[in-house]
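Okay, here's what each chain looks like letter by letter:
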Amino acid sequence: MLNRFSKNILVSKFNIGKYFYIHIFKSLTLFLILMGTFESLEWLSRFLDETPGDLEVGGSSRQVPNACWSRVSPTLPPDPKLMLWSQEMASILHLDRPDGVILGGGEIIEGMDSYAQRYGGHQFGNWANQLGDGRAITLGEVKLDNEVLELQLKGSGITPYSRFADGKAVLRSSIREFLCSEAMHHLGVPTTRALSLVTTGEKVLRDMMYDGNPALETGAVVCRVAPSFIRFGSFQIHTIMQDYTTLKTLVEHTVRTHYPEHSVSSDTGIVKWLTHIAEQTAIMISHWMRVGFVHGVMNTDNMSIHGLTIDYGPYGWLEDYNPGWTPNTTDAATRRYRYGQQPKIGAWNLARLCESMVPLMDDPNLLHGALEAYTQSYGRLQNDMWAAKLGLGEFIDSDESLIVELNALLQEVETDMTIFFRLLCSIEEPEIDLLSDAFYDSENIPTELWNTWLDKWWTRVEGTPKRQEMINANPKYVLRNWMAQLAIDAAESGDFSICEELYLVLKNPYEEQVEFEEKWFQKRPEWARHRVGCSMLSCSS
Ligand code: AMP
Ligand code: MG
């Protein structure tokens, strides 16, 4: 049966010989586990068909001018084992859980055409030139009844964009991505999804805290899913390299494929499209703020064009309500990506995206409209978010002071964000003692200040806060760093039961689930205060 690869070989589109044949044959056995499953899918390759690519095939590290992608095959892992499987994601793809390790071997899946995407990015405020998928390889786009989803392996070997690195991922970061992206979905936060986690049977060397202590860690590959993995940096690279033809082609592809209701044939069309992206980005960040999520690395290469949370690295969840907190030790000096600054960084990143559209416009001044839309959308969403978290119903101007005072009070002493807001949903009188479980030091609660604020809130809601709205806005269960770390510690010794349990609990984050309360509706334990992986995470993954 001819597939896209073999068709390409027959028409000699690329200069590839016997080696490539064997390489494809071998590398596709990476999907030993998923193979039987993936055979049932209908594959498309719109991105490859409609945007310019690299004429060279394969993984050697290089600059790839004038291209949006490079064809590359995933590397064969020595001993792949399926460890985690998202049944929800699988159902969307109409896939059954593979029955253990399916050693299908070497078969080429009809229609699959794997590639790494080329993009650039501003990292921590500085332009970093070509980055690209250094260890992510897209298998292709899958056509479903009402949507098309891209499937991508993260950690499956080097690509032209791997630079000095190995193209691999370790178990700890793969568990964090698998669990968190699925948890975010169930929290109602726009996100890429995860389908599976496979351990590779290979050890990977990592200097986890970049402190000269490298160690061998278990390798893993996550299969993740999104409408596309196109990023702000996917456009920026062409503009900065002054390749406006490729920029235009990529913009037109993106709009045709993912924003068919838009047209970018005029300045106003481009601004409308960017305004849409600005609004989606504002929605995503307002959800992060609502649930206490800190992305940790909001570089423009980590900003999805769909407004999805993407690239789970050194992210974290606020426990103590500290807007200045970031889990990312790589960002410790300036804390650029701290919780409280995320909305502002969203605007900064959008400004870089808008800038990258300047060559396509007659009047680039119009781009300010998209940035203005972000500010206005975010402002509105922020008010709605606080109204929901506090059960206010409609937000009114005078609520502003209530919220400012609350933000200040939450920072007076160490206060657990998730527990505070969740307990607030059910208190029957404005009395801080009812919320004492939210405080890390129960001896030093500023009782009077709190009771004054609670009285003010209680008066505002006339003693009847909109409780269901509050419950829907204030999750009971989030993936606290120490929870993920407990799951990782067990998994590293072969026990994935905590991963499975967390996956289950986090599927219903707004439900009471009393059976899990004692274990997972808890403040950060003391052991986690200064533990690597809990309070400290780096970009090393
Ligand atoms: P991140 O900070 O994870 O968004 O990664 C920034 C860039 O580094 C992206 O281009 C990644 O693909 C690349 N990268 C990160 N880790 C690796 C790795 N182990 N091997 C190859 N490339 C990597
Ligand atoms: Mg990234």
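Check the entry above for the structure.
The structure presented is a predicted model; accordingly, all values stated were derived computationally and were not measured.

Engineer: Kindly report on the coordination of the magnesium ion (ligand 2), identifying the contributing residues and their values.
Structural biologist: Each protein donor to the magnesium ion (ligand 2) is listed here as Asn302 (OD1) and Asp311 (OD); together their distances run 2.0 to 2.2 Å. Each member of the pair, Asn302 as well as Asp311, is classed as buried.

Engineer: Report on the pairing of strand 10 (residues 193–206), specifying residues and quantitative values.
Structural biologist: Of all 14 residues in strand 10, ten are buried, a share of seventy percent or more. Relative to strand 10, strand 3 (residues 81–85) is paired through four bridges, and the arrangement is antiparallel. When the sheet's bridge partners are listed, Trp85 is paired in strand 10 with Ser196. As paired elements, strand 10 and strand 11 (residues 215–226) share ten bridges and run antiparallel to each other. Considered in strand 11, the bridge of Lys203 is made with Thr218.

Engineer: Describe the packing of helix 6 (residues 171–187) against helix 17 (residues 497–505), naming the residues involved and giving the relevant values.
Structural biologist: Remark: helix 6 packs on helix 17, axes separated minimally by 9 Å, with the N-to-C direction vectors making an angle of 20°. It follows from the interaxial angle that helix 6 and helix 17 lie roughly parallel. Seen along the crossing, helix 6 lies across helix 17 with a hand that is right-handed. In this structure, helix 6 uses Ile175, Phe178, Leu179 and Glu182 to contact helix 17, whose residues at the interface are Cys499, Leu502 and Tyr503. Residue classes in the contact of helix 6 with helix 17 are distributed as six nonpolar, no polar and one charged.

Engineer: Give me the lowdown on the site of ligand 1, citing residues and values where you can.
Structural biologist: Taken together, 16 residues sit near ligand 1, with Gly132, Gly134, Arg163, Gly167 and Asn302 positioned nearest. The protein chains hide 83% of the 480 Å² of surface that ligand 1 would expose on its own. Considering only residue class, the shell around ligand 1 consists of two nonpolar, six polar and eight charged.

Engineer: Account for helix 11 (residues 368–389), naming residues and giving values.
Structural biologist: Under the 1.5 Å per step criterion, the end-to-end length of helix 11 is 31 Å for 22 residues, consistent within 8% with the ideal 32 Å. The complete set of buried residues in helix 11 reads Ala370, Ala373, Tyr374, Ser377, Tyr378, Met385, Trp386, Ala387 and Lys389. Next to the buried residues of helix 11 lie helix 9 (267–291), helix 10 (342–355), helix 12 (399–410), helix 13 (417–424) and helix 15 (467–473). Just past helix 11, the residue Gly391 takes up positive phi, approximately 65°.

Engineer: Can you tell me about the state of the cysteines, naming the residues and giving the values?
Structural biologist: The full count for this structure, using the stated rule, is zero disulfides. Its sulfur unpaired, Cys534 is 14 Å from the next cysteine sulfur, which belongs to Cys499. Cys534 sits in the buried class, given a relative accessible area of 5%.

Engineer: Any chance you could break down the environment of Leu95 for me, citing the residues and the numbers?
Structural biologist: Of note, Leu95 is situated in the loop between helix 5 (87–92) and strand 4 (115–117). According to the relative accessible area criterion, Leu95 is buried, its value standing at 3%. Distance in space between the C-alpha atoms of Leu95 and Leu41 is 8.4 Å, their sequence separation being 54 residues.

Engineer: Quick rundown of the nonpolar core? Include the residues and the values.
Structural biologist: With 114 residues, the main nonpolar core has Trp273, Leu390 and Trp457 as its most contacted residues. Examining the composition of this core, we find that twelve residues originate from one element, helix 9, more than from any other.

Cut-offs and rules
- Residues numbered from 1 in each chain as written.
- Chains lettered and ligands numbered in written order.
- Predicted model: local features only at pLDDT ≥ 70, side-chain atom pairs only at ≥ 80, totals over all residues.
- Heavy atoms only, no water.
- Donors = N, O, S within 2.8 Å, 3.2 Å for Na, K, Ca; no water.
- Buried < 20%, exposed > 50% of the residue type's maximum accessible area, 1.4 Å probe, protein only.
- Helix = DSSP H or I, 4+ residues; strand = E, 2+ residues; numbered from the N terminus.
- Pairing = 2+ DSSP bridges.
- Axes fitted to C-alpha atoms, helices over the stretch in contact; angles between N-to-C directions.
- Parallel < 35°, antiparallel > 145°, perpendicular 65-115°, else oblique.
- Left-handed = near helix turned anticlockwise from the far one by under 90°.
- Contact = heavy atoms within 4.5 Å.
- Nonpolar A, V, L, I, M, F, W, Y, C, P; charged D, E, K, R; others polar.
- Near = heavy atom within 4 Å.
- Areas by Shrake-Rupley, 256 points an atom, 1.4 Å probe, with all protein chains shown as cover.
- Expected span 1.5 Å × (residues − 1).
- Disulfide = S-S within 2.5 Å.
- Core = buried A, V, L, I, M, F, W, Y, C linked by side-chain atoms within 4.5 Å.

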